[in-house]
Amino acid sequence: AAAQQEAMKGAGLLDVADAKGIIEGLDSLPESTRQALMTELPEGDRTEGGLKEVIRSPQFQQAVGQLDHVLQSGQGRELLMSMGITPPQGFDNMGPAAVRAFLQGLQKKADEDSMKD
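Model, not experiment: these values are computed from the prediction.

What counts, and at which threshold
- Residues numbered from 1 in each chain as written.
- Predicted model: local features only at pLDDT ≥ 70, side-chain atom pairs only at ≥ 80, totals over all residues.
- Heavy atoms only, no water.
- Helix = DSSP H or I, 4+ residues; strand = E, 2+ residues; numbered from the N terminus.
- Expected span 1.5 Å × (residues − 1).
- Buried < 20%, exposed > 50% of the residue type's maximum accessible area, 1.4 Å probe, protein only.
- Arc of directions from axis to C-beta.
- Contact = heavy atoms within 4.5 Å.

Enquirer: I'm lost on helix α8 (residues 97–116) in this one. Help?
Expert: Counting along an α-helix, one turn takes 3.6 residues, and residues three or four places apart therefore face a common direction. Taking 1.5 Å of rise per residue, the 20 residues of α8 would be expected to cover 28 Å, and the 29 Å separating its terminal C-alpha atoms lies within 8% of that figure. Of the positions making up α8, those classed as buried are A97, A98, V99, A101, F102 and G105.

Rendered as structure tokens:
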């Protein structure tokens, strides 16, 4: 039982992906990366201000919360695989620790992708 409780520890995605932290992180990204993110915004909002506004929006926070729920409930395996991330063994039963596994998988994928460039 103690091992299961230990496995269930971990921060939620909203704890690590709050708007202030994301915006601070954006400011440290290369201009080309920020520009690439802006292309995903509606045409009239493709500015740094528009990007930051989206990140501060309740809809963005709700979407992050939904992603957190998917990860923690064990339903995120297909999502990770669609992103080219191999879920760790036991991912479906990790609970909050799945958020850490997801973030580590994203980092590993980003590192691999940057090595290709």
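Okay, back to it.
Enquirer: Looking at this structure, how should I read helix α6 (residues 58–72)?
Expert: For α6, which comprises 15 residues, the first-to-last C-alpha distance of 21 Å matches the rise-based estimate of 21 Å (1.5 Å per residue) to within 8%. Three or more residues of α6 are buried, namely V64, D68 and L71. For α6, the arc enclosing every buried residue in end-on projection is 65°, short of the 170-degree limit, so these residues lie on one face. α6 presents P58, Q59 and Q62 as exposed residues on the side facing more than 90 degrees away from its buried surface. Lining the buried residues of α6 we find α2 (13–16), α7 (77–82) and α8. Just beyond α6, the residue with positive phi is G74, at close to 85°.

Just geometry here; none of it tells us what the structure is for.
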